[in-house]
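Residue strings, one per chain:
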Amino acid sequence: AQKVTQAQTEISVVEKEDVTLDCVYETRDTTYYLFWYKQPPSGELVFLIRRNSFDEQNEISGRYSWNFQKSTSSFNFTITASQVVDSAVYFCALSGYTGANSKLTFGKGITLSVRP
Amino acid sequence: DVKVTQSSRYLVKRTGEKVFLECVQDMDHENMFWYRQDPGLGLRLIYFSYDVKMKEKGDIPEGYSVSREKKERFSLILESASTNQTSMYLCASRPTTGNYNSPLHFGNGTRLTVT
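Residues numbered from 1 in each chain as written. Chains lettered and ligands numbered in written order. Predicted model: local features only at pLDDT ≥ 70, side-chain atom pairs only at ≥ 80, totals over all residues. Heavy atoms only, no water.

Section: the overall build of chain B
- For chain B, the helix and strand inventory stands at zero helices and 12 strands.
- By the compact-globule yardstick of 13 Å for 115 residues, chain B fits well, its C-alpha radius of gyration being 13 Å.
- Dimensions of chain B, computed from the C-alpha atoms along their principal axes, are close to 45 × 30 × 25 Å.
- In chain B, buried positions account for 50% of the 115 residues.
- Partitioning the contacts of chain B with sequence separation of at least 6, the portion at a separation of at least 24 is 55%.
- Accessible surface, chain B as shown: approximately 5500 Å² in total, 49% of it carbon and sulfur. (Helix = DSSP H or I, 4+ residues; strand = E, 2+ residues; numbered from the N terminus. Rg over C-alpha atoms; globule rule 2.2 N^0.38 Å. Buried < 20%, exposed > 50% of the residue type's maximum accessible area, 1.4 Å probe, protein only. Contact = heavy atoms within 4.5 Å. Areas by Shrake-Rupley, 256 points an atom, 1.4 Å probe, with all protein chains shown as cover.)

Okay, structure coming up:
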């Protein structure tokens, strides 16, 4: 069975602070995909990143960066110099490679509040 | 741009009513999904569909059924609504041609209240 744990439930920071959102996953699959989604107050989930299990390179996209560590089954997300617009619920998700295993399993989400 | 449209943003129904939640996508995606989102529980998969007339139970299918008669439309049905089905319902779709792991595209959600 697949499982995604986002141990942090709510995080509050002041604008311009850096913040890291943790994600730990469990799977028996040798090939799998990891995702991060953002859900702003408007409600629609927005895709941020997908990473497959063969690619452990960290990724940076502007103020966002992701640290994938297979050894610790973690896929953490860091926002550098946070802004008020980053306030949202962030979900980490996991899927297997094919067929029925490819349905997404989500974590419970982390509510990030960035104060001006 | 992919558009996933859920017919209602807010819905209020009475206990025992039959409720239809409609979802339409405009990108010819094979896979469609229904999730419910509850505080502290995240997103939980109710049903998904690989293609027309195909459906698979997700993690919490009890009390729900689905219909996929056309590729673009995926309906979630609450046969007899109950108060514990008060929730935010999210529909999503994705293409699978050559890749089962394309990102999901989500609709804006339907907030259902059952009184």
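Structure shown, so let's carry the discussion forward.
Some thoughts on the interface of chain B and chain A
- Taken residue by residue, the interface counts 22 residues in chain B and 23 residues in chain A.
- Between chain B and chain A the total buried area reaches about 1800 Å² when both faces are included, carbon and sulfur atoms providing 51% of it.
- In terms of surface lost to chain A, no three residues of chain B exceed L43(B), N101(B) and F106(B), which account for 30% of the buried area on that side.
- The interface formed by chain B and chain A contains zero salt bridges.
- In this assembly, chain B and chain A are joined by four residue pairs in polar contact (both at pLDDT 80 or more).
- Sorting the residues of the side of chain B that touches chain A by element identifies β5 (31-38), β6 (42-49) and β10 (87-94) of chain B as the ones contributing at least two each.
- Broken down by element, the side of chain B that touches chain A gets its largest block of residues, four residues, from β6(B).
- Residue composition of the side of chain B that touches chain A, by class: 11 nonpolar, eight polar and three charged. (Buried area = accessible area lost by both parts, 1.4 Å probe. Salt bridge = Lys/Arg side-chain N within 4 Å of Asp/Glu carboxyl O. Polar contact = N/O pair within 3.5 Å; in protein donor to acceptor, adjacent residues only side chain to side chain. Nonpolar A, V, L, I, M, F, W, Y, C, P; charged D, E, K, R; others polar.)

Some details on the pattern of salt bridges
Residue and element names in this part refer to chain B.
- Evaluated as defined, the whole model comprises 10 salt bridges over all chains.
- Notably, a salt bridge pairs E30 with K71, separated by 4.0 Å at the nearest N-O pair. Pair noted here: E30 is in the loop between β4 (23-25) and β5 and K71 is in the loop between β8 (64-70) and β9 (73-78), with a separation of 41 residues, a long-range link.
- By relative accessible area, E30 is classed as buried at 15%.

Some details on the state of the cysteines
Residues and elements named next belong to chain B.
- In this structure the tally under the stated criterion is two disulfides over all chains.
- Note on cysteine connectivity: C23 is disulfide-linked to C91, with sulfurs 1.9 Å apart. Linking C23 and C91, the disulfide has an S-S dihedral of approximately -80° and is accordingly described as left-handed. A residue pair is termed long-range when its members are at least 10 positions apart, and C23 in strand β4 and C91 in strand β10 qualify at 68 residues. For the residue pair C23 and C91, the accessibility class agrees, reading buried in each case. (Disulfide = S-S within 2.5 Å.)

Here's the deal with the nonpolar core
Residues and elements named next belong to chain A.
- L21, W36, F77, Y90 and L112 are the most contacted members of the largest nonpolar core, which has 24 residues in total.
- Secondary-structure elements contributing two or more residues to this core are β2 (10-14), β3 (19-21), β5 (32-39), β8 (64-69), β9 (74-79), β10 (88-96) and β12 (110-115).
- Examining the composition of this core, we find that four residues originate from one element, β10, more than from any other. (Core = buried A, V, L, I, M, F, W, Y, C linked by side-chain atoms within 4.5 Å.)

Read these as layout, nothing more, since geometry by itself doesn't imply function.
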